[in-house]
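Listed below, chain by chain, are the residues.
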Amino acid sequence: MKDMVYAYEYNGGDLCYPGTNVLRNKLDIHDLEELLRVEKEMSMARYFDLSTQGVTGDFSMGHLCAIHRYLFQDVYEWAGELRREDISKGTFRFCPVMYMEKTFGDIHRWLEANHFLVGIEDREVMASKLAYVLGEINVIHPFREGNGRSQRMYMEQLCKNNGNFEINFAKASNDEMLEASMYAAVCEYDKMTALIARCLQ
Ligand SMILES: Nc1ncnc2c1ncn2[C@@H]1O[C@H](COP(=O)(O)OP(=O)(O)O)[C@@H](O)[C@H]1O
Ligand SMILES: [Mg+2]
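Model, not experiment: these values are computed from the prediction.

Around ligand 1, 17 residues are found, and the nearest of them are Tyr6, Glu145, Asn147, Gly148 and Arg149. Contacts to ligand 1 include Lys89, whose side-chain N or O atom sits 3.1 Å from an oxygen atom. One of the side-chain nitrogen or oxygen atoms of Asn138 is found 2.9 Å away from a nitrogen atom of ligand 1. Elements represented by at least two residues in the shell around ligand 1 include exactly helix H5 (147–162) and helix H6 (174–184). Residue classes in the shell around ligand 1 are distributed as six nonpolar, seven polar and four charged.

What follows is the structure, encoded as structure tokens:
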């Protein structure tokens, strides 16, 4: 299985170059493969940089947006902005734009009720709570592109906030993450829990 390019529904303001599925970008790259390569390189450098910075927000949607803005500041004018288009991959439709903030609010309240995971020492407990959060945030998919990297950084910061764990997503492949995400999207969290347990140290 390979991660796909988003299908999207025009919803006022097209972010792609006309007649293509290539997102307009600061480097004015019109070739999809080339954009993916450069985007990966630039966001990766920012990702490592942000990894050294501890917890950078309060785990609100604004926090996730700030993470996205930081990671993609070199590539997209709209870095850090919520999407305005409804999007899907394959047959899966991500959260409609009109419900994104409400749904994120539900997760944030759940995190609040769970003390933002502070105090958890048991690896399985930590893994299952992180799997729930990651699965739900992934279904929201707040951004037009770059959701995976932004939500993984948010997860890293939840671990830093907890203090007992670090998470290294390099221990899971993209294919495994995709499969676990697809199961989590239908509220079957076992695969995501197992994946995360493996990445926790
Ligand atoms: N059909 C799907 N159902 C659920 N999650 C999916 C689906 N397709 C892709 N994903 C998840 O979306 C994330 C990728 O989102 P994307 O916005 O492309 O971010 P990035 O480019 O940073 O990887 C991955 O975590 C992947 O597992
Ligand atoms: Mg992507």
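Moving on: the sheet that holds strand S2 (residues 87–89). Across the sheet, which stays open at both edges, the three strands sit in the order S1-S2-S3 with antiparallel pairing between neighbours. A single partner strand is all that each edge strand has here, and the edge strands are strand S1 (7–8) and strand S3 (92–93). Here two bridges tie S1 to S2, and the two strands are oriented antiparallel to one another. Bridging from a neighbouring strand, Ala7 pairs with Ser88 of S2.

Overall, the coordinates contain zero disulfides when judged by the stated rule. Cys16 takes part in no disulfide bond, and the closest cysteine sulfur, belonging to Cys65, lies 19 Å away. Free of any disulfide, Cys159 has its nearest neighbouring cysteine sulfur in Cys199, separated by 9.9 Å. Of the residues examined, Cys159 reaches a relative accessible area of 1% and is grouped as buried.

Viewed as axis vectors pointing N to C, helix H3 (residues 100–113) and helix H4 (residues 123–140) meet at an angle of 170°, and their least axial separation amounts to 10 Å. The pairing of H3 with H4 is recorded here as roughly antiparallel in orientation. Along its contact with H3, which presents Met100, Thr103, Phe104, Ile107, Trp110 and Leu111, the element H4 presents Lys129, Tyr132, Val133, Glu136, Ile137 and Ile140.

Attention now goes to the nonpolar core. Grouped together as the largest cluster of nonpolar side chains are 54 residues, with contacts concentrated most on Leu130, Tyr154, Leu158, Ile196 and Leu200. Counting residues per element, the ones that place at least two in this core are helix H1 (32–51), helix H2 (61–72), H3, H4, H5, H6 and helix H7 (190–199). By residue number, the principal contributor to this core is H4, which donates eight residues. When residues no more than four places from it in sequence are discounted, the contact partners of Leu200 are Arg123, Met126, Ala127, Leu130, Cys159, Phe165, Glu166 and Ile167.

Thresholds applied
- Residues numbered from 1 in each chain as written.
- Chains lettered and ligands numbered in written order.
- Predicted model: local features only at pLDDT ≥ 70, side-chain atom pairs only at ≥ 80, totals over all residues.
- Heavy atoms only, no water.
- Near = heavy atom within 4 Å.
- Polar contact = N/O pair within 3.5 Å; in protein donor to acceptor, adjacent residues only side chain to side chain.
- Helix = DSSP H or I, 4+ residues; strand = E, 2+ residues; numbered from the N terminus.
- Nonpolar A, V, L, I, M, F, W, Y, C, P; charged D, E, K, R; others polar.
- Pairing = 2+ DSSP bridges.
- Disulfide = S-S within 2.5 Å.
- Buried < 20%, exposed > 50% of the residue type's maximum accessible area, 1.4 Å probe, protein only.
- Axes fitted to C-alpha atoms, helices over the stretch in contact; angles between N-to-C directions.
- Parallel < 35°, antiparallel > 145°, perpendicular 65-115°, else oblique.
- Contact = heavy atoms within 4.5 Å.
- Core = buried A, V, L, I, M, F, W, Y, C linked by side-chain atoms within 4.5 Å.

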